[in-house]
Amino acid sequence: MERIYEFEKNAYRNKVLIINFLLMAVLVYALYQVVFVPKYAVLWALAIVVCVYALANSFLRKSNPRVIKVSDERIVFSSFGEKCFEIAKLTKFRVKVSTPNYQVLVRLADSDGRRGSFWITYSFFNDKMDLIGELDYLERKVHPESLRFRGRDKLGLARP
């Protein structure tokens, strides 16, 4: 059974796409400043580093997924391309919850050497509580003796 969780379109546009386009504009302006107006080149170089890092997270590492597909065999994160991980091959699956921003950081790795790190703002996904339940289930499946599950006997025992 495959479940599909999607980021709200308007929120994704505002929180990911527009910010990345603004970062591209700042990057172009900072490059212009470094090349043609070298007065504050060090500060603009710092801006270039920050912009390149943020854009690499979005476009190369695909760390802000728009669609998450979870099935019994695999989990797929889609954003500017897809990253697919076989659940049976996962060696690491850690969920770090950040409640004030309604975000979770999911870090995972598989036996093939592929790694991923994804920021999931679950408050903007459809079926947000089911999504959190899926992530808890997968973490418990990969790391059953995790400290996060001690004292929470029912957390992550079954798929929502």
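Look up a bit, the structure's there.
My aim in this report is to walk through the structure given alongside it, one point at a time. From a predicted model like this one, the values you see are computed outputs, not experimental measurements.

### Regarding the sheet that holds strand β3 (residues 74-78)
Across the sheet, four strands lie side by side as β1-β2-β3-β4; this open sheet has antiparallel pairing. Pairing within the sheet leaves two strands with one partner each, and these edge strands are β1 (3-6) and β4 (82-86). Sheet twist, expressed as the mean angle between neighbouring strand axes with direction ignored, is 10 degrees. In the sheet, β3 pairs with β4 via five bridges, with the strands oriented antiparallel. Bridge pairing links I75 to F85 in β4. Across the sheet, helix α3 (residues 128-142) lies against β1, β2 (67-70) and β3, angled at about 120 degrees from β1, the strand it touches most.

### With respect to the sheet that holds strand β6 (residues 103-110)
Reading across the sheet, the three strands line up as β5-β6-β7 and stay open at both edges, with antiparallel pairing between neighbours. What marks the edges here is a single partner per strand, and that holds for β5 (90-98) and β7 (115-121). The average undirected angle you get between the axes of adjacent strands in this sheet is 15 degrees. Two strands pair when backbone bridges link them, and β6 and β7 are joined in this way by seven bridges, in the antiparallel orientation. Opposite V104, over in β7, you have I120 as the bridge partner.

### Focus: the pattern of salt bridges
Taken as a whole and assessed by the stated rule, the structure comprises five salt bridges. A salt bridge links E86 to R74; the shortest N-O distance between them is 3.8 Å. Placement of E86 in strand β4 and of R74 in strand β3 is noted, with a sequence separation of 12 residues between them. By relative accessible area, which is 27% here, E86 ends up partly exposed. The partner of D110 in a salt bridge is R114, and the shortest N-O contact between them spans 2.9 Å.

### Regarding unusual backbone geometry
Phi angles above zero are rare outside glycine, and K62 is one such case at about 55 degrees. In this structure, K62 sits in the loop between α2 (41-60) and β2. K62 gets classed as buried once you look at its relative accessible area, which sits at 17%. In this structure, F80 is a non-glycine residue whose phi angle is positive, near 55 degrees.

Each value, and the rule that gives it
- One numbering rule holds for all chains: residues counted from 1, following each sequence as written.
- A pLDDT threshold of at least 70 governs which residues receive local features in this predicted model, and a stricter bar of 80 or more applies before side-chain atom pairs are shown or counted, although totals over entire chains, interfaces and linings include all residues.
- Hydrogens are left out, water is left out, and the side-chain values use all remaining heavy atoms of the structure.
- Here, a strand pair is defined by DSSP locating no fewer than two bridges between the strands.
- We count a stretch as a helix when DSSP gives it H or I for four or more residues in a row; a strand needs E for two or more, and each element gets its number in order from the N terminus.
- Comment: axis = line fitted to C-alpha atoms, over the contacting stretch for helices; angle = value between 0 and 180 degrees taken between N-to-C directions.
- Working rule for contacts: check all heavy atoms of both residues, and any pair within 4.5 Å makes them a contact.
- When a carboxyl oxygen of Asp or Glu is within 4 Å of a side-chain nitrogen of Lys or Arg, the pair counts as a salt bridge.
- The buried label applies to any residue whose accessible area, calculated with a 1.4 Å probe on protein chains only, is under 20% of its type's maximum; exposed applies above 50%, and partly exposed to all values in between.

In short, the description is geometric, and any link to function would need to be established separately.
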